[in-house]
Amino acid sequence: MFELEQALIEEKINQYLRTTNLPEMEIRWAWIPFNGQWGISTSFFQLAAKTFAGEKGNVAQRATEIAQGIASAIKIPDGFSKIEALNGYLNLFFSPSIYTQRIVDEVLEKESNFGRNERLGKRVMFEFSHPNTHKAFHVGHLRSAFLGDVLSRISDAAGYDVIRANYPGDIGMHVIKWLWNYLKFHKGERPEKDITRWMGSLYAEAVKRLDENPDLENEVKETYIKWDQKDPEVVECWKETREWSLEGFKEMYAKLDIKFDKYYFNSMFEDLGKEMVDDLIARGIAQDERAEGGAVIVKLDEKLGLKDEKYRVLVVRRSDGTALYATEDLALARQKFLDYSDLERSYYVVDVRQSLHFQQVFKTLEIAGYDWATRCQHVSYELVNLPGNVVMASREGTVVLLEDLLREATARALEVVREKNPDLSEENKIEIAEAVGIGAIKFPMLSRESGKIVTFDWESALDFNGQAAPYIQYAYVRANSILKKMNSPLPESVNPGEKLTQSEIALIDLISRMPSEIQKAAKDLKPLTICNLAYELARAFNDFYTQCPVLSAEEPIRSARLRLVAAARQAIANSLALLGITAPQAM
RNA sequence: GCCCUCGUAGCUCAAUGGACAGAGCACCGGACUUCUAAUCCGAUGGUUGUGGGUUCGAAUCCCACCGAGGGCGCCA
């Protein structure tokens, strides 16, 4: 946003340093942290420390001296109102009128593209969500879905070409159990609505039956053998019921506004994985211990010559020859690079419990000589637990189903909409309630560090107050409301004059940070950064809203404020879009 | 036993190695004849788990310890 200005000033600083025989320094810019003061700053502590060359001295004082020297040596650059040396920092204040006009104009010209970087011509893939077919979808599963979706949005905005990949678990023991239960007790039945809930309830029923009567495991094993031998009835049933689950997921993703470019299915990689393992055995990377009743393993630490245990041992094929998760992951990783050979990075958005597993898989691929192996990266996140640190598990019955949460959240939001906006059409109210309800669900999962556990409880999940999506949406609605009441086209670009209030400056300051915040969020893979920005924007706008009359203001202030409101509305909308949260027109 | 996360206000969480560690919730006190009060303003609240170290400067980096959670050859 201010690269040109920064480069010019950097040149001047370096010139000063040369003429005064001070060492070169790397100049890092930061925002001036004081509220209502808009500008950029850099500090000279490092340089000051260097001038003492290890001897003792007052670094802070020297830094201030240098900053003062620079402040008096370089003229105030165009567009700046003040240059100041303070506590070792050099602060350059923007001339608010000039830059407010520039930023506002840029936002209004770029609209939804404001904040987006130019295309980098680099491709990355995010694999996320990976739901299990034939099972329920609970709140714990949402974190990967939201994280992956928003990371994709942020990376896209930061200039990357993003492939959004899903990897449904459409085969495995859980599916076999489901099929057994279905064929035995529910043959011919099909789901009417709430497909995913229905699939999940049949799975729970299967598990319950097997718990109550372990002898039935034999029947499950028979089903598994039938599956393995491609028994037509079992295979057909799998194909059909699998589609039901996928249909259910499709509805759910549509509701959550999550899209995928590419589907990889677990069932596609059993055979491919086994072939890769055979290759690993042939090349002496994997050890086949099946003759002694063991499995096929890769002794990673030994292969790497490590003394201490780090990567341990990876089982790549079961003793009975069947594939397991690791087998399939080897083939999946390769497939991604076969499909997209130019992939700069292949991200796996999977919970933290699988950290070691992915390290093992990636390291195995590296040892096997695949040059892309080092481009694979596990993006881990902590779980969503229930109060008392209870893990959500369908087996334990400790789950909150997505369907239930969605229904409750939208119902609660609908209640409020009816109260606040009784005149809106019912259709409109429902639309708003869904935007608010879903936003309220997404925000808390995105607005904390991914390494921290999210504790789900109904009370805070349905609390729309405070640091939450509805607060941000409401700021958007307020801006929208002013612009609707304007009843005329938006005024042409105007200079707001020198008398901008603190709240106006604070607002435009935040808007101007958007492009760099997006870059930061993409670099750190942190949606939280965007959550913070969105919330700060909303807060600054609410402050502006109470401080500064717009429609009743005198010209030219009125025009300038109207344009600022439009820019703020756009910035808030863009930040919400990055979070996959809908900005409603009214609330 | 080894490895990985996390520990900040009563609670939930922020804070590119940098300026006085900030919000929300809760609690207390205020503000709607005004562009939507799903809002705003004010008050209270801290030895950033403990002890060392690195650095001009540490909540942030390193080491040790304490506490919580997770992972560790045939689950996904």
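Residues numbered from 1 in each chain as written. Chains lettered and ligands numbered in written order. Predicted model: local features only at pLDDT ≥ 70, side-chain atom pairs only at ≥ 80, totals over all residues. Heavy atoms only, no water.

**Thoughts on the protein's contact with RNA strand B**
Our working definition: We call a residue near a given molecule or strand whenever any one of its heavy atoms falls within 4 Å of it. The term polar contact refers here to a pair of N or O atoms within 3.5 Å; inside protein, the definition further demands a hydrogen-donor-capable atom paired with an acceptor-capable atom, and it admits residues adjacent in sequence only when both atoms are side-chain atoms.
Neighbouring residues of RNA strand B: 61 residues in total, closest Y89, K420, Y471, Y474 and S481. The sugar and phosphate moieties of RNA strand B supply 61% of its atoms located within 4 Å of the protein. In the environment of RNA strand B, a base nitrogen lies 3.2 Å from a nitrogen or oxygen atom belonging to the side chain of N91. A distance of 2.5 Å is found between a base oxygen of RNA strand B and a side-chain nitrogen or oxygen belonging to R312.

**Considering the pattern of salt bridges**
Cut-off, in case you're wondering: Here, a salt bridge means any side-chain nitrogen of Lys or Arg that lies within 4 Å of a carboxyl oxygen of Asp or Glu. Going along the chain from the N terminus, every DSSP run of H or I of four or more residues is numbered as a helix, and every run of E of two or more is numbered as a strand. Per-residue accessibility, obtained with a 1.4 Å probe over protein chains only, is compared with the maximum for each type, and a residue is labelled buried under 20%, exposed over 50%, and partly exposed between these values.
Under the definition given, this model contains 42 salt bridges. K363 is the partner of E366 in a salt bridge, and the nearest nitrogen-oxygen pair spans 3.3 Å. With a gap of 3 residues between them, E366 and K363 both fall in helix α13 (residues 355-367), about one helical turn apart. The partly exposed category is assigned to E366, whose relative accessible area is 36%. Judged by its relative accessible area of 16%, K363 is buried. Residue E426 pairs with R418 through a salt bridge whose shortest N-O separation is 2.5 Å. The exposure class of E426 is partly exposed, given its relative accessible area of 36%. The class for R418 is partly exposed, based on a relative accessible area of 39%. One salt-bridge network, held together by shared partners, links D149, R153, R164, D257 and K259.

**Some thoughts on empty space enclosed by the protein**
The condition that has to hold: Buried and open spaces are told apart on a 1 Å grid over the protein atoms alone, a cavity being a set of points where a 1.4 Å probe fits but cannot get out and a pocket being an open set with protein on both sides within 12 Å along at least five of seven lines. Residues with an atom within 4 Å of a point are the lining residues. Grid points are joined across faces, edges and corners, and a volume is the space filled by probe spheres set on the points. Throughout this entry, Asp, Glu, Lys and Arg are counted as charged residues, while Ala, Val, Leu, Ile, Met, Phe, Trp, Tyr, Cys and Pro are counted as nonpolar. The remaining residues, Gly among them, count as polar.
Counting across every chain of the model gives 3 cavities of 30 Å³ or more. Put simply, the largest cavity is a space of about 80 Å³. Forming the boundary of the largest cavity are T100, Q101, V104, D105, V494, P496, L500, E504, A560, R561, R563 and L564. Contributing elements (two or more residues each) for the lining of the largest cavity: α4 (96-110) and α20 (557-578). Class assignment of the residues belonging to the lining of the largest cavity gives a composition of 6 nonpolar, 2 polar and 4 charged. In this model, the second largest cavity occupies a volume close to 60 Å³. Every residue lining the second largest cavity is listed: R143, L147, M445, L446, R448, E449, S450, L525, K526, P527 and L528.

**Considerations on the nonpolar core**
How we decide: Joining through side-chain atoms within 4.5 Å is the link that ties buried Ala, Val, Leu, Ile, Met, Phe, Trp, Tyr and Cys residues into a set, and such a set is a nonpolar core. Residue contacts follow a heavy-atom distance rule, with two residues in contact if any of their heavy atoms lie within 4.5 Å.
By size, the foremost hydrophobic cluster in this structure holds 120 residues, and its most contacted members are F44, L142 and I511. It is α20 that provides the largest number of residues to this core, a total of 11 residues. Excluding residues that lie within four positions of it along the chain, I511 makes contacts with I103, V107, F114, L537, L564, A567, A568 and A571. With 35 residues, the next largest nonpolar core counts M125, V277, L280 and Y340 among its residues.

**Quick word on the domain arrangement of chain A**
A common way to express how large an interface is: the accessible area buried when the components associate. Formally: Each domain's limits were defined by an automated method or a database of domain assignments. When two components associate, each loses some accessible surface as probed by a 1.4 Å sphere; the sum of these losses over both components is called the buried area.
Domain annotation for chain A reports domain 1 (3-94) and domain 2 (402-578). When each unit is reduced to the centre of its C-alpha atoms, the spacing between domain 1 and domain 2 is 36 Å. Taken together, the contact pairs 6 residues of domain 1 with 8 residues of domain 2. Roughly 640 Å² of surface becomes buried between domain 1 and domain 2 when both sides are summed, with 59% attributable to carbon and sulfur atoms.

**Observations concerning the layout of surface pockets**
Counted as a void, the largest pocket has a volume near 1200 Å³. Around the largest pocket, the lining is made up of 43 residues, and of these H130, N132, K135, Y325 and Q354 lie nearest the centre. When contributions to the lining of the largest pocket are tallied by element, the ones reaching two or more residues are α6 (173-186), α8 (217-228), α12 (325-339), β11 (343-351) and β13 (384-386). Among the residues making up the lining of the largest pocket, the classes are represented as 20 nonpolar, 15 polar and 8 charged. One number sums up the size of the second largest pocket: a volume of about 850 Å³. In this structure, the second largest pocket is lined by 36 residues; those nearest its centre are L510, R513, E517, L533 and E536. For the lining of the second largest pocket, the secondary structure elements donating two or more residues are β5 (123-127), β11, α18 (502-524) and α19 (527-547).

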